[in-house]
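Now for the letters of each chain:
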Amino acid sequence: MEKISQELNKQEIKQNEFVTIEEQNHFLDSTVGKVINTAIDLGLRWILPDFVENQIIDVKNSLIRGGLKDGIDKAVDSAIELGKSVTGIFTGKFDSISQAQNAVKNGGIIDGVSEVIDTALRTTTKNGWLPNNIVNLIRQGKNVILDNVSSNIETEFVGQLDHIEKLGKYENNWRSYFQDQDFDGMEREYQKIKERLKQIMPIETTIKQARIIENIHMLIKNNGHDFNLSKEQLELAQMLVK
């Protein structure tokens, strides 16, 4: 019984670990940065249709040399922080995917990327890293890149909402198996929950609910799949099934 109580205390401590601003910002920095990078790759292929893959890579590397990557990183950071201020996220932490989406959108991310591309093109031109005709083609086709950035960011956040919906489905399935005392079914859904969480932006309510499930799941698993929980454990379980 003492061992179970110690395990419960550890799980309760884990449950009380809150999502941090740094975790959310890191997720957005990484995710939005990758989306923008992909959009630029697609845009360059459209702007330079006669170029083979290696030539596109050389053009992209020249732009990176001209400050493209560092500029995008800074533009994303700036858009997130400005977006928080504009949309009234005064705590610095997002409570939903929609809040994060609105912040990125209203933080001027498209204008930021546009300025970064202009700066990279000026630098590559000044240093002779790209021929003038290529630079001019990219300038002329810049709106294609920006349209890709905008639509890809929108698609990413739609995907985030889909992840949340699927996570809720798996959690409901887990609850049903829990009530039926079917540990094999619980385990299947638990693994799905874990995988889905890797793809979702950390949001307080989302993470907290998943941790409650994890707490109960691991207590039962470590207790030899015994569903005869202690009073303390039952109180925690009631938090789950309310």
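Look up a bit, the structure's there.
None of these values were measured; they are calculated from a predicted model.

It is not clear to me how the layout of surface pockets should be interpreted in this structure. Could you clarify?
The rolling of a water-molecule-sized probe over the atoms marks out the regions of remaining empty space. Roughly 300 Å³ of internal volume is contained in the largest pocket. As for the largest pocket, its lining consists of 14 residues, of which Leu 197, Ile 207, Ala 210, Arg 211 and Glu 214 are closest to the centre. Those elements that place two or more of their residues in the lining of the largest pocket are α2 (21-47), α9 (183-197) and α10 (204-222). For the lining of the largest pocket, the class distribution of residues is 9 nonpolar, no polar and 5 charged.

Explain the packing of aromatic side chains to me, please; I cannot follow it from the model alone.
The geometry of two aromatic rings is summed up by the distance between their centres and the angle between their planes. Here the structure, examined in full by the defined rule, presents 2 aromatic pairs. Seen in terms of ring centroids, Trp 174 and Phe 178 are 5.3 Å apart; in terms of plane orientation they differ by 10°. Their pairing is stacked. Taken together, the positions of Trp 174 and Phe 178, both in helix α8 (residues 142-179) and 4 residues apart, correspond to about one turn of that helix. What makes Trp 174 buried here is its relative accessible area of 0%. Look at Phe 178 and you get buried, because its relative accessible area is 12%. Site record: aromatic cluster; members linked through ring pairs are Trp 174, Phe 178 and Phe 227. The aromatic ring of Tyr 177 is capped on one face by Arg 188, whose charged end is 5.7 Å from the ring centroid.

What counts as what
Residues numbered from 1 in each chain as written. Predicted model: local features only at pLDDT ≥ 70, side-chain atom pairs only at ≥ 80, totals over all residues. Heavy atoms only, no water. 1 Å grid on protein atoms, 1.4 Å probe; cavity = no way out; pocket = protein on both sides within 12 Å on 5 of 7 lines; lining within 4 Å. Points joined across faces, edges and corners; volume = space filled by probe spheres on them. Helix = DSSP H or I, 4+ residues; strand = E, 2+ residues; numbered from the N terminus. Nonpolar A, V, L, I, M, F, W, Y, C, P; charged D, E, K, R; others polar. Phe/Tyr/Trp six-rings, centres within 6.5 Å; stacked < 30°, edge-to-face > 60°. Buried < 20%, exposed > 50% of the residue type's maximum accessible area, 1.4 Å probe, protein only. Lys NZ or Arg CZ within 6 Å of the ring centre and 35° of its normal.

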